[in-house]
Amino acid sequence: MKSRVRELRGEHGWSQAELAARLGVSRQTVNSIETERYEPSLTLAFKIAAAFQQSIEAIFSTEER
Amino acid sequence: MLYFLPTFFSVPTMSRRSIRSLNPLLLWGFVLWALSYMAVGVVAEAGVGGSGGVRYVVALLPLPFFLMWLVGLLREMRAMDELQRRIQLEALGVAFPLTLVLIMTLGLFEAARPLNPDNWSFRHVWQFLVLFYVIGLFVARRRYRYEA
């Protein structure tokens, strides 16, 4: 699954640790999502979407960008 | 070793905690279990308790402390985030089949020729389960290791 988390995090100027704290997860979880080695649960995807004020579809997709 | 498992093998980006801030059930459960386990070994060798029920009571003394440690471990796991739980699950996914192979192999050996209980018994097998779990954690943690 393709993820724009790294790109959006950069736009907000947040570090992985800051985003992890906002989401209530470890930095490793954020890193694994950004490097597309881990697909977040729906609950976590909603939290990510809320943190970036975007829709889930705008952040995650199954197609190559 | 059992005491350090949840922290030593936790995800590397979790903040390292001092021993003081660790779950006291993990700390004291492990310390008391280890001490009582060694003590029971010495007492059993010495044949204390004769052949009566006291022998069983003495042999089971480490169990409450191990259960204490186990409760601490479960609390640690509940506090993990979803990736950390996934890593634990994948570790068990490695450990469980390895355990099956070990027990089946021992069973086949046992069928061919009875094993010496001084070398192979329940006292020995559980230590391999810990080893397999550690191997599983190593494999799972490598998959989700930090990448820039």
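Here the structure is shown first, and the text comes after it.
Notes on the structure in this doc start here. Given the structure is predicted, the values throughout are model-derived calculations rather than measurements.

A rise of 1.5 Å per residue sets the reference length of helix α6 (residues 122-143) of chain B, with its 22 residues, at 32 Å; its end C-alpha atoms lie 32 Å apart and thus fit the reference within 8%. All of the buried residues in α6(B) are His124(B), Val125(B), Val130(B), Phe132(B), Tyr133(B), Val134(B), Gly136(B), Leu137(B), Ala140(B) and Arg141(B).

The next point concerns a nonpolar patch on the surface. Residue and element names in this part refer to chain B. On the surface, Leu-60, Leu-63, Leu-67, Leu-70 and Leu-74 cluster together into a nonpolar patch covering about 440 Å² of accessible area. Note that Leu-60 resides in the loop between α3 (53-59) and α4 (62-78). Among the residues examined, Leu-60 registers a relative accessible area of 54% and is labelled exposed.

Moving on, we get to the nonpolar core. Judged by nonpolar contacts, the single largest core of 29 residues is most densely connected at Val5(A), Ile48(A), Phe52(A) and Ile59(A). Put simply, the parts of the chain that give this core at least two residues each are α1 (5-12), α2 (16-23), α3 (27-34) and α4 (42-52) of chain A together with α5 (82-112) and α6 of chain B. In terms of residue count, α5(B) provides more of this core than any other element does, 6 residues in total. In contact with Val5(A), other than residues within four places in its own chain, are Leu19(A), Ile33(A), Glu34(A), Ile48(A), Phe52(A), Ile59(A) and Phe60(A). Leu26(B), Trp33(B), Ala34(B) and Leu73(B) belong to the second largest nonpolar core, which has 6 residues in total.

All names here are of chain B. Under the counting rule described, the total for this entry stands at 10 aromatic pairs over all chains. Taken together, a centroid distance of 6.0 Å and an interplanar angle of 55° make the contact between Trp-33 and Phe-66 tilted. You can see Trp-33 sitting in helix α2 (residues 24-46) and its partner Phe-66 sitting in helix α4, a full 33 residues away along the chain. A relative accessible area of 12% places Trp-33 in the buried class. Ring plane angle 85° and centroid distance 5.9 Å describe the contact between Trp-33 and Trp-126, whose orientation is recorded as edge-to-face. Of this pair, Trp-33 sits in helix α2 while Trp-126 sits in helix α6, and the two are 93 residues apart along the sequence. Judged by relative accessible area, which is 26%, Trp-126 ranks as partly exposed. Clustering of aromatic rings is evident, with ring pairs tying together Phe-30, Trp-33, Tyr-37, Phe-66, Trp-69 and Trp-126.

Attention shifts here to the interface of chain A and chain B. If you look at the interface, chain A gives 16 residues, while chain B gives 17 residues. In total, chain A and chain B occlude about 1300 Å² of area from one another, counting both sides; carbon and sulfur atoms represent 45% of this. Across the contact surface, chain A and chain B share 11 residue pairs in polar contact (both at pLDDT 80 or more). Top contributing element to the side of chain A that touches chain B by residue count: α3(A), with 5 residues. Of the residues assigned to the side of chain A that touches chain B, the class counts are 4 nonpolar, 9 polar and 3 charged.

Next up on the list: α5(B). For α5(B), with 31 residues, the first-to-last C-alpha span of 45 Å sits near the 45 Å given by 1.5 Å per residue. When α5(B) is considered as a whole, its buried residues turn out to be Leu83(B), Gln84(B), Ile87(B), Gln88(B), Glu90(B), Ala91(B), Ala95(B), Thr99(B), Leu102(B) and Leu106(B). Buried residues along α5(B) sit against α3 of chain A together with α4 and α6 of chain B.

Residues and elements named next belong to chain A. Even without glycine at this site, Glu-36 takes up a positive phi of about 60°. If you trace the backbone, Glu-36 turns up in the loop between α3 and α4. Since its relative accessible area comes to 33%, Glu-36 is described here as partly exposed. Non-glycine residue Gln-53 carries a positive phi angle of around 55°. Mapped onto the secondary structure, Gln-53 falls in the loop between α4 and α5 (56-59). Taking relative accessible area as the criterion, Gln-53 reaches 74% and is therefore assigned exposed.

About the cut-offs
Residues numbered from 1 in each chain as written. Chains lettered and ligands numbered in written order. Predicted model: local features only at pLDDT ≥ 70, side-chain atom pairs only at ≥ 80, totals over all residues. Heavy atoms only, no water. Helix = DSSP H or I, 4+ residues; strand = E, 2+ residues; numbered from the N terminus. Expected span 1.5 Å × (residues − 1). Buried < 20%, exposed > 50% of the residue type's maximum accessible area, 1.4 Å probe, protein only. Patch = residues over 30% accessible without salt bridge, like charges linked within 9 Å, V, L, I, M, F, W, Y side chains within 5 Å. Areas by Shrake-Rupley, 256 points an atom, 1.4 Å probe, with all protein chains shown as cover. Salt bridge = Lys/Arg side-chain N within 4 Å of Asp/Glu carboxyl O. Core = buried A, V, L, I, M, F, W, Y, C linked by side-chain atoms within 4.5 Å. Contact = heavy atoms within 4.5 Å. Phe/Tyr/Trp six-rings, centres within 6.5 Å; stacked < 30°, edge-to-face > 60°. Buried area = accessible area lost by both parts, 1.4 Å probe. Polar contact = N/O pair within 3.5 Å; in protein donor to acceptor, adjacent residues only side chain to side chain. Nonpolar A, V, L, I, M, F, W, Y, C, P; charged D, E, K, R; others polar.

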